[in-house]
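# Descriptive structure summary
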Amino acid sequence: MNDKQLVALEAAKYVKDGMLVGLGTGSTANYFIDELARLARDEGLKITTVASSTISAQRAQSLHLPIVALEHIREIDLYVDGADEITPDKTLLKGRGSDLVKEKLLAKAAKEFITVADSSKLVSHIGQNFVIPIEVIPFAWQLAKKSLEDLGAEGGLRPNAAGDGFWITSHGSYVLDMKFDKSLDASTLNALINNTPGVLEHGIFYKLADRILIADNGIVSEYQASGQ
Ligand code: 5RP
C-alpha cells in the first residue's frame, strides 16, 4: 500500500454512520472515496456524500455512494481532501486540478476538514513548489492579472491540455497560475488575492484545515503546526 492510500484509509476512520461527507479531488481523495465505498458495501456504513468536482462525483456514483448536489447543502459533517503544499502554520495550497471553488466551499462548510497527504507535500512557504492557481471571471482576466502583477506576481492563463487554448473550469472560469515573491506570507497573500477584483477564488486555504494527516514511509501521523 502506498502512502497516499494509507493516509486516506486513516481518514476514513473518522467517518461515522449518518454523516454527510465531502469528497475531495485528486489521487489521495480517490483512495478515500474508494474506501468509503468499500465500507458502505462490506460493513454497512450509511453515509451521504457531496463532491468537490465532477470527476469525484462520477467516481462516487460509479461506486454507488449516495450523493447530493452542492446547492442542496448548508453544512457538512466532514470533508476529506488532499493538498499540493502544506506549510508549518497549516496553510494549504490546493487547486492544481482547478476545482478549488467547490473545494473551498466544502472546506469552509465542514464541521471538520481533514487534509490527507504524503510527506512530499510539506513545504516551508506557500508557493514553494507550485504556482498559485487563481480562478478569475473570464471577462476580468486581464484586469485581474494586471492587479496581481502590481502586487509583484508573475504568470498567466493556464493553457488547456492540448496547449492550443486556455483552461476553462467546470464553472466556465479561467485560471491564472501566478508566482509571488516568496517573502509574502500566507496570511498576506490570502488577503491580497481576496481583495483583487475579478478573482472568484484562489488555491490558498488559510486557516481552513482542522486536522492534517501525513503519511511518511508507511507511518501516518497528525501534523502539528509549528509553535503549537
Ligand atoms: C485538486 C487538489 C488536490 O487535492 C491536490 O492537487 C492533491 O492531489 P493528489 O492527492 O493527487 O496529490 O487540490 O484541486
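Residues numbered from 1 in each chain as written. Predicted model: local features only at pLDDT ≥ 70, side-chain atom pairs only at ≥ 80, totals over all residues. Heavy atoms only, no water.

Right, let's get into the domain arrangement of the chain. Reports of interface size often rely on the accessible area that becomes lost once the parts have come together. According to the domain assignment, the chain contains domain 1 (3–119 + 206–217) and domain 2 (132–200). Taken over C-alpha atoms, the centre of domain 1 sits 25 Å from the centre of domain 2. Of the residues lining the interface, 14 residues belong to domain 1; the matching set on domain 2 comes to 13 residues. Buried area between domain 1 and domain 2, summed over both chains or domains, comes out near 970 Å², and the portion from carbon and sulfur atoms is 60%. Of all residues in domain 1, Ser98, Val101 and Tyr206 give up the largest surface area on contact with domain 2, accounting jointly for 46% of the area buried on that side. On the surface where domain 1 and domain 2 come into contact, there are zero salt bridges. Here domain 1 and domain 2 share one residue pair in polar contact (both at pLDDT 80 or more) between them. The element best represented in the side of domain 1 that touches domain 2 is helix H4 (residues 100–109), accounting for three residues. Along the lines of polarity and charge, the residues of the side of domain 1 that touches domain 2 split into four nonpolar, five polar and five charged. (Domains from an automatic or database assignment. Contact = heavy atoms within 4.5 Å. Buried area = accessible area lost by both parts, 1.4 Å probe. Salt bridge = Lys/Arg side-chain N within 4 Å of Asp/Glu carboxyl O. Polar contact = N/O pair within 3.5 Å; in protein donor to acceptor, adjacent residues only side chain to side chain. Helix = DSSP H or I, 4+ residues; strand = E, 2+ residues; numbered from the N terminus. Nonpolar A, V, L, I, M, F, W, Y, C, P; charged D, E, K, R; others polar.)

On to H4, then. The buried count for H4 comes to seven of 10 residues, which makes it a mostly enclosed element. Among the residues of H4, those classed as buried are Leu100, Val101, Glu103, Lys104, Leu106, Ala107 and Ala109. (Buried < 20%, exposed > 50% of the residue type's maximum accessible area, 1.4 Å probe, protein only.)

Packed helices, taken two at a time, are described by the angle between their axes plus the distance between the axes. For the pair helix H2 (residues 27–43) and helix H3 (residues 54–62), the least separation of the axes is 10 Å and the interaxial angle reads 25°. If you check the angle between H2 and H3, you find them roughly parallel. Crossing angle aside, the handedness with which H2 passes H3 is right-handed. Here Asn30, Ile33 and Asp34 of H2 lie close against H3, whose contacting residues are Ser56, Arg59 and Ala60. Residue composition of the contact of H2 with H3, grouped by class: two nonpolar, two polar and two charged. (Axes fitted to C-alpha atoms, helices over the stretch in contact; angles between N-to-C directions. Parallel < 35°, antiparallel > 145°, perpendicular 65-115°, else oblique. Left-handed = near helix turned anticlockwise from the far one by under 90°.)

Our focus in this paragraph is the nonpolar core. Counting 23 residues, the largest nonpolar core has Val15, Phe32, Leu36 and Ile47 as the members making the most contacts within it. Mapped onto this core, the elements with two or more residues apiece are helix H1 (3–12), strand S1 (20–23), H2, strand S4 (76–81), strand S7 (110–118) and strand S13 (211–216). Listed in part, the 19 residues of the second largest apolar core include Val50, Ile76, Ala110 and Ile212. (Core = buried A, V, L, I, M, F, W, Y, C linked by side-chain atoms within 4.5 Å.)

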